[in-house]
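Letter by letter, the chains look like this.
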Amino acid sequence: MKVVTVQNISRNFGKVEALKDISFDANEGEIFGIIGPDGAGKTTLFRILTTLLLADSGKATVDGFDVIKDYKQIRNRIGYMPGRFSLYQDLTVEENLKVFATVFNTTIEKNYDLIKDIYQQIEPFKTRRAGALSGGMKQKLALCCALIHKPSVLFLDEPTTGVDPISRKDLWDMLIRLKKQKITILVSTPYMDEASLCDRIALIQDGRFLKIDTPAAMTREFDKILWSVQSDTMSKLLADLRRHKKVKTCFAFGETHHITLEDSTLTPGEMKNYLTGLGHTGIEISPIAASVEDCFMDLSGNQTEK
Amino acid sequence: MLKYLLEKEFKQFMRSKFLPKFVIIFPFIALAIFPLAVNFSINNINLSVVDNSHSPYSSRLIRKVASSGYFRLMETADNYQEALKSVELDHSDVVLEIPPRFEEDLVNTRKAGVMISANTVNGMKGGLGSAYLAGIINDFSQEVREDWIAPAGRTVTPAFNIVPEYKYNPHLSYTVFMIPAIMIMMLAMICGFIPALNIVGEKENGTMEQMNVTPVNKFNFILSKLIPHWIIGFIALTICFFVAWLFYRLVPVGHYYTIYLFASVFVLAFSGFGLVISNYANTIQQAMFMMFFVVMSFVFLSGLYTPVASMPDWAQFVSNFSPLKYMIQVLRQVYLKGSGFSEMVHQFIALSAFAVFFNGWAVYSYRKRS
């Protein structure tokens, strides 16, 4: 069953086209990831789907309701966690939760099961003011507040930005548990490594979707030869690799550089000789399988060439 | 739902480091100090005297002027030019010149002239100063006449003797006139600014957006903002009453409940106005400036400082749109005259209209989405 449907949504802010002709569907009990850099239009899309913003054109439904006509029904059925922490900083953890339970005409007790796993982690601090919580705690509280009325669709806008790795993992574990309760989750993130945790992902750049698929299919369909290259002088290496005629693209990926090849006849040995000739030491070259990030770089490169 | 939202507002208000103190201290300071500073009775007018006569009568006149309490005799100049110079240097405000033949004229022809020149850069001070001085000279001429008549055993009174009776404010105390108006200023500041800044603060924090995706309807949301500030307004007003009594022993001739009744409508109107501003402002800065601009206009057109009746026609017309005008009228009438509700139905209708208008506008302009 399709819980979220989006057809040809566009939205401009003055001359800036924030979203251009976006279409996709999300199914019941699915984690749908929207992956893209800052400013790609993720938040605008979420604000349209959560009935906070009107699209210039296009149609969208959430849980079967139209985002324009039936916005009141939608507000009863969704949970929204904005990217910026936006709970009452001067209220305590417990009071915040109670405010949101109350405005949704429910109580903490009624849906305690749903939030129990994550709330237990912040319960020791329930009399502390929300403003005094750490980043990870804040996100956990925000998730509890977004879940307290048992929504059927959950919108999480960059829930893991500025959160430590352990809390990030906790949060994703929680999302995977929620999925089992048939809650549809739309999550946006700039972190490519989180993409593999989603059921399906959409890569977004400059207000356009580059591709929608499962993470596995997306990396499988990557049709270029990909190597990771390392040496002792990484910044010189980047420039030297980019100068090589048979290298199509070269990007810095943390500790290694990923290159795709123009020409499949090039062997790692030849490349090593080329680099040694330029004075590099400690060279390591190995063919690797593509990650979502490689796919994104590849697709966004095509986009700009066109 | 509304009950818990109200509870939340009060909790937030009490937890704020600044607001509860502000609501208590602001009226205290304002009422204790402003009425003393904002005072139109003029004292300490600097006087320069040019006495060309040097006669017993002229020195008697000078003594009389100097002992009146309004003037400070700054210098006695030799001639008018010298006195004028002292005005130019801002040493004196008013010059009194007595002509050389003052006493002779007075005795021989029973008529003598003096010249009063006043610096009217500050029109109020110059105007009042010369008026006071003229009054004292008038008294002096009366005295002189009585001196001459008394020995002859006759009592002649002037044809008209005017004894004014000042109703409602017998001592013409400016303080008594200003305090009720300043109370209303306080109330307007507290009840207009706080709700506006509260909502814009929620916008800045993003909590507004979080509330907007919930099913809470706008009536409940606006009520949850209106009611707490309504109650805070009453508390501030009560503090004002107390301070007026404590420092000035000023209690209304009329009833406190009349004031509370009108204040309840006024606060509603002004909070509604604050909400309207908050719906159009996106940041606290914008809200502050918008509030400031409008409140200033309301104050100047309200008759707080200058009587509405002496404004030009267009300003008198515009002043009808200042809720402050009606509320200041009400408070002055209750405090000084002891008016009751029946004498002020007109003001009550006007304030109610403002309350309905601003709150209606607030509900209408509050948008949960953009």
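Residues numbered from 1 in each chain as written. Chains lettered and ligands numbered in written order. Predicted model: local features only at pLDDT ≥ 70, side-chain atom pairs only at ≥ 80, totals over all residues.

Student: I'm lost on the overall build of chain A in this one. Help?
Tutor: The secondary structure content of chain A amounts to 10 helices and 14 strands. By principal-axis analysis of the C-alpha atoms, chain A measures approximately 70 × 45 × 35 Å. Here chain A holds 306 residues, and the buried ones make up 42% of them. Look at the contacts in chain A between residues 6 or more apart in sequence, and 70% of them connect residues 24 or more apart. (Helix = DSSP H or I, 4+ residues; strand = E, 2+ residues; numbered from the N terminus. Buried ≥ 20, exposed ≤ 12 C-beta atoms within 10 Å, placed from the backbone. Contact = placed C-beta atoms within 7 Å.)

Student: I would appreciate a short explanation of the overall build of chain B in the present structure.
Tutor: Looking only at helices and strands, one finds 14 helices and 4 strands in chain B. Relative to its length of 370 residues, chain B is extended, with a C-alpha radius of gyration of 28 Å against a globular reference of 21 Å. Counting over 370 residues, chain B shows a buried share of 35%. (Rg over C-alpha atoms; globule rule 2.2 N^0.38 Å.)

Student: What is the right way to read the interface of chain A and chain B from this model?
Tutor: Where the parts come together, the accessible area they lose is often given as the size of the interface. Opposite the 25 residues of chain A that make contact, chain B presents 19 residues. With 5 residues, helix α3 (residues 93-103) of chain A is the largest single contributor of residues to the side of chain A that touches chain B. Taken together, the residues of the side of chain A that touches chain B sort by class into 12 nonpolar, 7 polar and 6 charged. (Nonpolar A, V, L, I, M, F, W, Y, C, P; charged D, E, K, R; others polar.)

Student: How should I be thinking about the sheet that holds strand β2 (residues 71-77) of chain B in this particular structure?
Tutor: The strands making up a sheet are joined through hydrogen bonds of the backbone, oriented either antiparallel or parallel. All names here are of chain B. Spatially, β2-β1-β3-β4 is the arrangement adopted by the 4 strands of the open sheet, whose pairing is mixed. Two strands in the sheet have a free side with no partner beyond their single neighbour: β2 and β4 (115-118). On average, each strand axis in the sheet is tilted by 25° relative to the strand beside it, whichever way the strands run. (Pairing = 2+ DSSP bridges. Axes fitted to C-alpha atoms, helices over the stretch in contact; angles between N-to-C directions.)

Student: Help me out: how do you make sense of the packing of helix α2 (residues 19-37) of chain B against helix α7 (residues 174-205) of chain B in this one?
Tutor: How two helices sit against one another is set out by the angle between their axes and by the gap between those axes. All names here are of chain B. Running from amino to carboxyl end, α2 crosses α7 at an angle of 160°, the nearest separation of the two axes being 9 Å. By the angle between their directions, the pair α2 and α7 is classed as roughly antiparallel. Here α2 and α7 pass one another in a crossing that is right-handed. Contacts between α2 and α7 pair Leu19, Val23, Phe26, Pro27, Ala30, Leu31, Phe34 and Pro35 from the former with Thr175, Met178, Ile179, Ile182, Met183, Met186, Ile190 and Ile194 from the latter. Tallied by class, residues from the contact of α2 with α7 come to 15 nonpolar, 1 polar and no charged. (Parallel < 35°, antiparallel > 145°, perpendicular 65-115°, else oblique. Left-handed = near helix turned anticlockwise from the far one by under 90°.)

Student: How should the sheet that holds strand β2 (residues 16-27) of chain A be read in this particular structure?
Tutor: Residues and elements named next belong to chain A. Read across the sheet, 4 strands follow the order β2-β1-β4-β5 without closing on themselves; strand pairing throughout is antiparallel. Unpaired on one side and paired on the other, β2 and β5 (65-66) mark the two borders of the sheet. Note that strand β1 (residues 2-13) and strand β4 (residues 57-62) share 5 bridges and pair antiparallel. Bridge pairing in β4 places Val4 opposite Val62.

Student: Explanation requested: helix α4 (residues 112-122) of chain A in the structure shown.
Tutor: For an α-helix the count is 3.6 residues per turn, leaving residues at separations of three or four pointing the same way. Residue and element names in this part refer to chain A. Inspection of α4 places Ile115, Ile118, Tyr119 and Ile122 among the buried residues, and these make up the whole buried set. End-on, the buried residues of α4 take up no more than an arc of 105°, which puts them together on one face. Exposed side chains of α4 directed beyond 90 degrees from the buried face belong to Asp113, Lys116 and Gln120. (Arc of directions from axis to C-beta.)

Student: For this particular structure, what's the right way to read the domain arrangement of chain A?
Tutor: One can read the domain layout of chain A as domain 1 (2-215) and domain 2 (223-289). Here the C-alpha centroids of domain 1 of chain A and domain 2 of chain A sit 39 Å apart. (Domains from an automatic or database assignment.)

Student: Would you explain the environment of Leu54 of chain A in this entry?
Tutor: Here Leu54 of chain A shows up in the loop between α1 (42-49) and β4. Distance in space between the C-alpha atoms of Leu54 of chain A and Ile9 of chain A is 9.9 Å, their sequence separation being 45 residues.

Student: Please clarify how the domain arrangement of chain B should be interpreted in this entry.
Tutor: Each domain of chain B was delimited in the assignment, giving domain 1 (2-38 + 171-365) and domain 2 (45-152). Look at where the C-alpha atoms of domain 1 of chain B and domain 2 of chain B centre, and you get two points 48 Å apart.

Student: Can you walk me through the environment of Ala263 of chain B in this structure?
Tutor: Residue and element names in this part refer to chain B. Tracing the chain through its elements places Ala263 in helix α10 (residues 256-280). We classify Ala263 as buried; it has 26 C-beta atoms within 10 Å. When residues no more than four places from it in sequence are discounted, the contact partners of Ala263 are Leu187, Gly233 and Leu237.

Student: Please clarify how the pairing of strand β6 (residues 78-81) of chain A should be interpreted in this entry.
Tutor: Each regular strand displays side chains that alternate between the two surfaces of the sheet. Residues and elements named next belong to chain A. Here β6 shows no split at all, with Ile78 and Tyr80 on one side and Gly79 and Met81 on the other all buried. Note that β6 and strand β7 (residues 153-157) share 4 bridges and pair parallel. Following the sheet pairing, Tyr80 is matched in β7 by Phe155.

Student: Honestly, unusual backbone geometry in this entry has me stumped. Any pointers?
Tutor: Trans peptide bonds make up most of the peptide bonds, and negative phi angles are found at most residues other than glycine. Residue and element names in this part refer to chain A. Positive phi, close to 55°, is recorded for Asp63, a residue that is not glycine. You can see Asp63 is positioned in the loop between β4 and β5. Positive phi is not limited to glycine here, since Asn105 has a value of about 55°.

Student: How should the confidence of the model for chain B be read in this particular structure?
Tutor: The predicted coordinates ought not to be read in detail in places where the model reports low pLDDT. Residues and elements named next belong to chain B. For chain B, mean pLDDT is 86; residues scoring 70 or higher make up 94% of the total. By mean pLDDT, helix α6 (residues 123-149) is the weakest element of chain B at 83, and helix α14 (residues 345-365) is the strongest at 93. We note a pTM of 0.78 for the whole complex and an ipTM of 0.79 for its interfaces. (pLDDT = per-residue confidence, 0-100.)

Student: Would you take a moment to explain the packing of α10 of chain B against α14 of chain B for this structure?
Tutor: Residue and element names in this part refer to chain B. Between α10 and α14, the least distance of the axes is 8 Å, while the angle of their chain directions is 30°. By the criterion of interaxial angle, the relationship of α10 to α14 is roughly parallel. With respect to the hand of their crossing, α10 and α14 are arranged in left-handed fashion. In this structure, α10 contributes Phe262, Val265, Phe266, Leu268, Ala269, Gly272, Phe273, Leu275, Val276, Asn279 and Tyr280 to the contact, and α14 contributes Gln347, Phe348, Leu351, Ser352, Phe354, Ala355, Phe358, Asn359, Trp361, Ala362 and Ser365. Residue composition of the contact of α10 with α14, by class: 16 nonpolar, 6 polar and no charged.

Student: Sorry if this is basic, but what is going on with the environment of Phe354 of chain B here?
Tutor: All names here are of chain B. You can see Phe354 is positioned in helix α14. Overall, Phe354 belongs to the buried group, with 23 C-beta atoms counted inside 10 Å. In this view, Phe354 contacts Ala269 and Pro323; residues no more than four positions away in its chain are not counted.

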